[in-house]
Amino acid sequence: MKCDTCLAKTAGEDDLIHSVSQHMSRLDLQRQTSEVMSYHRRTGTLAVHRKAHQTLAQYGQVYGALTLPTSVLQLAHWVTWMLRLRDPTLDSSTAELYAGVVSDWHQVAKEVTGVALQNPCQTPLIRQLLRAAQRGYKRAPKNKKEPLTAWQLVRVLHEGFDKATVGGRHDHLLFCFLCFGPLRPGVTVALVAIYTLVPDPLCPLGLRVQFSASSDVWIAENRVVIRVDEDKNVDASKRRLVYIPAGVFGVDLPGELEMYLKVCSPPSGRTLFASPTNPRKVIRPHEVGRFNDGTYTATCAMVRRAFARAFPDSEEWERALLGGGSPRKTLAILLYSVYANMRLVADFGGWSAQGKLAIDCYIPMTPQQRCRKLQSLLTDLVANNELTLEQANICTR
């Protein structure tokens, strides 16, 4: 049969790619499939889908090929191109992930069209190709970022940020969310704050912060509450609420958040950690900060910058060991060093605990227990000789 849509001269009876084109155009199929997937996939999943489709479109441009739906041979060539010819090349894990996206697309397209569309990813050739790629094109090992010691954490918290500037207050608040959450960097920078500054002569600076019910961050009972909707081990039926009280390592985080919103005024309804246009701008009364659209502070650079300010004699190689995940790792290690309780650490960070029992679902850590542990951690570190009393006193200056 002749297929004008995809410009093929001939096509066999079993070529389901061309069968689809007899019922609807490729563009209609792609549009309908994308609409269905956008409603039934998580935001994080859709971000991966976009990257995979961009790579597939790049391949199509290089070879002048129409790529969706695709055939077994074309998919095999695409995988090989990603591993060996693309600039830069991709590792086998990423290639397998992107092939999974194409598999998901074909499955949805099959449901949309009602045509018995073949899923090329489910064929023996593609499976064997991906297995072979795992042996020869493994991802280069990452340089794992190191946690801070208890002493380094204390110094960074109280000497690593210039809170007289917009950037300093922004970075300090971001660091505290990463550490005391302890939240993953990608989750933290995606948090949206929706709030209004209401005139109130009884409040500091004559303003009261009123949070919207749909905000990801708010203050209740003198503690910061963070709603985590998108993260590992989190889904629509199992969202997390993270509580950070005042008085953790000498930091009044609810007060810090309120002050940041009042004197810097990041745009309501956008990400709380949008990057300041001028980070070194000194905070002055009645002058709000300016923030970039759709961008946020890179957490790796922020942590290294704070460490360099707290430890001006540190070497470049020392700072290179740190990254955006270092604060999160730091709290996990400090909690375990004091309490030696793996389940407690897993509850704090939202990690999936190995060997979790059914009864664990009935006795989770309460917000009050979590807050008490955070508030007493500094004292317990001193009692366990992780910090000296003199070092801990920096937090009470």
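Scroll up to find the structure.
Residues numbered from 1 in each chain as written. Predicted model: local features only at pLDDT ≥ 70, side-chain atom pairs only at ≥ 80, totals over all residues. Heavy atoms only, no water.

Peer 1: Any chance you could explain the environment of Pro120 here in plain terms?
Peer 2: Note on placement: Pro120 falls in the loop between helix H5 (92–113) and helix H6 (124–136). Here Pro120 falls in the buried class, since its relative accessible area comes to 0%. Sequence separation between Pro120 and Ala76 is 44 residues, and the spatial gap between their C-alpha atoms is 9.0 Å. Among all residues touching Pro120, those that are not within four sequence positions of it are Thr70, Ser71, Val72, Leu75, His106 and Ile126. (Helix = DSSP H or I, 4+ residues; strand = E, 2+ residues; numbered from the N terminus. Buried < 20%, exposed > 50% of the residue type's maximum accessible area, 1.4 Å probe, protein only. Contact = heavy atoms within 4.5 Å.)

Peer 1: Help me out: how do you make sense of the nonpolar core in this one?
Peer 2: Looking at soluble globular proteins, one finds that nonpolar side chains tend to be buried together. Phe175, Phe177, Phe180, Ile226, Phe249, Leu272 and Leu377 are the most contacted members of the largest nonpolar core, which totals 66 residues. Looking at which element gives the most residues to this core, the answer is helix H8 (residues 166–180), with nine residues. If we skip the residues at most four places from it in the chain, Phe249 touches Leu153, Val154, Leu157, His158, Phe180, Leu334, Leu377, Leu378, Leu381 and Cys395. Formed by 25 residues, the second largest nonpolar core is a distinct cluster that contains Ala52, Leu68, Ala99 and Ala109. (Core = buried A, V, L, I, M, F, W, Y, C linked by side-chain atoms within 4.5 Å.)

Peer 1: Teacher, can you tell me more about the packing of H8 against helix H11 (residues 299–310) here?
Peer 2: The relative placement of two packed helices is expressed as an angle between their axes plus a distance between the axes. For the pair H8 and H11, the least separation of the axes is 11 Å and the interaxial angle reads 105°. Accordingly, the angle class assigned to the pair H8 and H11 is roughly perpendicular. Here H8 contributes Asp171, Leu174, Phe175 and Leu178 to the contact with H11, which in turn contributes Thr299, Met302, Val303 and Arg305. Looking at the contact of H8 with H11, its residues break down into five nonpolar, one polar and two charged. (Axes fitted to C-alpha atoms, helices over the stretch in contact; angles between N-to-C directions. Parallel < 35°, antiparallel > 145°, perpendicular 65-115°, else oblique. Nonpolar A, V, L, I, M, F, W, Y, C, P; charged D, E, K, R; others polar.)

Peer 1: What is the right way to read the packing of helix H4 (residues 72–85) against H6 from this model?
Peer 2: Their axes nearest at 10 Å, the elements H4 and H6 cross at an angle of 10°. Relative to H6, the element H4 lies roughly parallel. Between H4 and H6, the residues in contact are Val72, Leu73, Leu75, Ala76, Val79, Thr80 and Leu83 and Leu125, Ile126, Leu129, Leu130 and Ala133, respectively. When grouped by side-chain class, the residues that make up the contact of H4 with H6 number eleven nonpolar, one polar and no charged.

Peer 1: Would you explain the pairing of strand E6 (residues 240–245) in this entry?
Peer 2: For a regular strand, the rule is simple: side chains alternate between the two faces of the sheet. Most of E6 sits inside the fold, with five of its six residues counted as buried. Direction of pairing for strand E5 (residues 223–228) relative to E6: antiparallel, over a ladder of six bridges. Within the sheet, the bridge partner assigned to Ile226 lies in E6 and is Val242. (Pairing = 2+ DSSP bridges.)

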